[in-house]
Amino acid sequence: MRADPIQRAIDEDLVRVLYAQNPIAFFTHWFSIVVLVSIYWVDMPYPDLFAACFGFYALANFASLGLWFCRHRWPDALTARSWIRLHALRGALLYSAPGLAVWFAFHSHQADLPILHTVMLVTLAAGVFMSNGFDVLNFSTGITFLLLPAIVLLFGSHTLDRTILAIVLAFFFCAINIYAMSYRKLFQRVVHARVDQQHLAESLAEQKQVAEEASLAKTRFFAAASHDLRQPLHAIGLLAASLNDASVTPQQHAKTADHIVRNVEALNQLFNQVLDLARMESGVTQVIRLHFRLGELFERVGNQYRPQAAAKGLALRIAPTTLVVYDDPVLLERVLSNLLSNAVRYTEEGAIWMGLRRAGRRTGGYIEVRDSGIGIPVEEQVRIFEEFYQVANPLRDARQGHGLGLPTVKRLVDLLGGELHLRSAPGRGSVFRFMVQAGEPGAIVASLRDTVASGPSAQGRRVLCIDDDPSILEGLTSLLGRWGCVARGVRDEALALQALHDGFVPDAVLCDYQLANHHTGAQVLSAVRDTLQRVGHEGAVMLLITGDMASSELATLATRGSPVLHKPVTPARLRRTLEMLWQQAELDGVRMAPAGETAGPAIDAQRKVS
Ligand code: ADP
């Protein structure tokens, strides 16, 4: 992956280094021309040919300067590789003249000319090594044209001193090539290191930017969250103070109490939304897929929003579908609920449509929620998925929501393995869509219609509650008592086991997760389950209640499908969870599922309740 950028960086550096030497080389070659012409001046063999050869040398030298000028003036006219190749061609032309000119030395009457010429060639070769040694193409063309003719001619002279000179020159030729090789390696390593350093600096800068953005998002999150949480708390404080006012009439008291209850509910709802998001972040939200009829879910969610839509004069159209999907009905219901609630909230006239589009698919299709509402500007279409972000609620009026719906929807759709798409324009409505997979009609376990409505009653059920906080224990047992349950409250494992030995056989065991003496509810429930199994009672449902979220044990329990409720737990939530667990236990009992299946509950208690 990195080879290409590094090769490019090497080429770019090579071009810079090769061309940087050209102006100096221009003067060096004039010096060489002057020296060579002067040593041949006294006895110049084949003067015409000699003049042509050195004329060519001078021309090539000017051409070399011209090439340098072009690259200096128009550096982007060619790629780095092409500039390197052109430079190699320049080297071939430029060095061929003094290299081949050694032939004149062997046709001169002066015996020392071959040696003098060779000395000049070695000097030029040192220059080639210094300026072109970094690149194999430039170095080998330059050095070959420069030295090879002299080596061949010296060997061909068949005299001892010239043969020795030929051997020395050949040795020099080999040595300089080997040096150039390590010179090139060093150069490549330096460029590598520089590119790596550059990459590191770039990725550090990117990471810094990501961290800064995350920190900004966190600041925004806390500012908005603390405002939205403070607001109802503040109202509750003021309202509670007025309850102490003796001059207030009983009617006003009742009204104030009603306001307090509504603010508590709002606070609770907000807490639950934030905790839901946190649960999804920490990975303890379970996805439990079932085969069910999508039409039933549409109907259920649609019925929830029909009154609100009708109150605003909007037509809410739910397209009938016979598709059976394989998905988590609870999570999907929350997605559709949030989308429909937004559609109703942000549409003033027209219609809302929810349905399935097959889009040419045999299996599954896209669920779409469309509205003819105010729409969302393109520049807001990313930020609306950030927690607490709202397009137009600068005063953070809680009646206009908190900006947690779409982040929840997005995370849920991700969790379900889909991708949420949005198409919207101001004044032209919005379309949210995501994909669902088809299921098998034969694998449907139960209709979504008969979940809670026909669930087993709490009346007469025995419930064992385990919590080390006496006030919670008291609150829980009295609540269960009001539902008609026979509740027994104990504060630890020993007392729980004692209750079982005393003959209290529970239909449900509710246990706090964090107990005294570093005991966890999971350990206590396991001990209770073992004891019940030993005495032949296996039907009790077990439910953990926790305020903890980052525990790895909880994450493991979540993946195993053990029911966990997260605090704060409302009475309605607890009741619904218990009824669902009892219903599931009855279903499992009736179906007499083979061993292993009974333990895999199709219910995620923490999510089955809204
Ligand atoms: P909330 O609706 O509670 O403000 P959301 O996270 O659900 O929070 O939505 C974030 C923002 O996205 C909203 O403030 C709203 O401006 C915009 N939005 C969401 N759904 C729609 C929609 N169907 N039509 C227009 N705007 C929408």
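Each remark here, short or long, concerns the structure printed above.
Figured I'd write up the structure that's included with this text. This is a predicted model, so every value here is computed, not measured.

**Regarding the overall build of the protein chain**
Working step 1: When helices and strands are tallied, the protein chain shows 18 helices and 12 strands.
Working step 2: By principal-axis analysis of the C-alpha atoms, the protein chain measures approximately 130 × 60 × 60 Å.
Working step 3: Split into buried and exposed, the 610 residues of the protein chain put 44% on the buried side.
Working step 4: Sequence separation of 24 or more characterises 74% of the internal contacts of the protein chain that already satisfy a separation of 6 or more.
Working step 5: Accessible surface computed for the protein chain: about 31800 Å², of which carbon and sulfur atoms make up 61%.

**Here we look at the site of the ligand**
Working step 1: As a matter of local geometry, the ligand sits amid 21 residues, with Asn342, Arg345, Asp371, Gln390 and Leu406 nearest to it.
Working step 2: At a separation of 3.3 Å, an oxygen atom of the ligand approaches a polar backbone atom of Val391.
Working step 3: A distance of 3.2 Å separates an oxygen atom of the ligand from a polar atom in the backbone of Gly405.
Working step 4: Protein coverage of the free-state accessible area of the ligand, which is 520 Å², stands at 96%.
Working step 5: Mapped by element, the contributors of at least two residues to the shell around the ligand are α11 (329-345), α12 (405-415) and β7 (430-436).

**Quick look at the sheet that holds strand β10 (residues 508-512)**
Working step 1: Pairing is parallel in the open sheet, where five strands are placed in the order β9-β8-β10-β11-β12. Where the open sheet ends on each side, the last strands, each with one partner, are β9 (486-490) and β12 (564-566). Adjacent strand axes in the sheet meet at a mean angle of 20° when their direction is disregarded.
Working step 2: Where strand β11 (residues 541-546) and β12 come together, three bridges link them in parallel fashion. Among the inter-strand pairings, Ile545 is bridged to a residue of β12, identified as Leu565.

**A short note on helix α7 (residues 136-156)**
Residue pairs spaced three or four apart in an α-helix point in one direction, given the helix's 3.6 residues per turn.
Working step 1: Along its 21 residues, α7 runs 28 Å from first to last C-alpha, staying within 8% of the 30 Å computed at 1.5 Å per residue.
Working step 2: Approximately 35° is the largest bend angle found in α7, and it occurs at Thr144.
Working step 3: Residues of α7 that are buried: Asn138, Phe139, Gly142, Ile143, Leu146, Leu147, Pro149, Ala150, Ile151 and Leu154.
Working step 4: His158 lies just past α7 and shows a positive phi near 55°.

**Some points on the sheet that holds strand β2 (residues 315-318)**
Working step 1: Judged by pairing direction, the sheet is mixed, and its five strands sit side by side in the order β2-β4-β5-β7-β6 without closing on themselves. Both outer strands of the open sheet, β2 and β6 (421-424), are each paired with one neighbouring strand and no more. Sheet twist, expressed as the average angle between the axes of neighbouring strands with direction ignored, equals 15°.
Working step 2: Judged from the six bridges that link them, strand β4 (residues 351-357) and strand β5 (residues 365-371) form a sheet pairing that is antiparallel. Residue pairing in the sheet places Gly355 in a bridge with Glu368 of β5.

**Concerning the packing of helix α2 (residues 22-41) against helix α4 (residues 80-100)**
Helices that pack against each other are described as a pair by the angle of their axes relative to one another and the distance between those axes.
Working step 1: Contact geometry of α2 with α4 gives a least axis separation of 11 Å together with a crossing angle of 15°. Comparing their axes, α4 and α2 come out roughly parallel. The handedness of the crossing between α2 and α4 comes out as left-handed. Touching Asn22, Ala25, His29 and Leu36 of α2 are His87, Arg90, Leu94, Tyr95 and Pro98, all from α4.
Working step 2: Residues that form the contact of α2 with α4 fall into these classes: five nonpolar, three polar and one charged.

Cut-offs used in this document
For every chain, the first residue of the written sequence is number 1, and numbering continues from 1 onward in sequence order. Where local features are concerned, this predicted model is filtered to residues with pLDDT of at least 70; where side-chain atom pairs are given and counted, the filter is 80 or more; whole-chain, interface and lining totals use all residues. As a rule here, side-chain values come from all non-hydrogen atoms in the structure, and water together with hydrogens is ignored. Secondary structure follows DSSP: runs of H or I at least 4 residues long count as helices, runs of E at least 2 residues long count as strands, and numbering of each begins at the N terminus. Only protein chains enter the accessibility calculation, which uses a 1.4 Å probe; a residue whose area is less than 20% of its type maximum is buried, one above 50% is exposed, and one in between is partly exposed. We call two residues contacting when some pair of their heavy atoms lies within 4.5 Å. With residues, only the protein chains shown are counted as cover, and all accessible areas are computed by Shrake-Rupley using a 1.4 Å probe. Working definition: residue near molecule or strand if any one of its non-hydrogen atoms lies within 4 Å of it. Polar contacts, as used here, are pairs of N or O atoms within 3.5 Å; protein pairs need one atom able to donate a hydrogen and one able to accept it. Residues neighboring in sequence count only if both atoms are side-chain atoms. The pairing criterion for strands is at least two bridges between them, as found by DSSP. Under this scheme, a helix contributes an axis fitted over its contacting stretch, all axes are lines through C-alpha atoms, and angles between N-to-C directions fall in the 0 to 180 degree range. Given the number of residues in a helix, its expected span is that number minus one, multiplied by 1.5 Å. What is called the bend at a residue is the angle between a pair of axes, fitted to the seven residues leading up to and ending at it and to the seven starting from it. Here roughly perpendicular refers to angles of 65 to 115 degrees, roughly parallel to angles under 35, roughly antiparallel to angles over 145, and oblique to all remaining angles. Handedness of each helix crossing follows the sense of rotation of the near helix against the far helix: counterclockwise by less than a right angle gives left-handed, clockwise gives right-handed. Side-chain classes follow a simple rule in which Ala, Val, Leu, Ile, Met, Phe, Trp, Tyr, Cys and Pro form the nonpolar group, Asp, Glu, Lys and Arg form the charged group, and the remainder, Gly included, forms the polar group.

The values reported here are purely geometric and, on their own, carry no functional implication.
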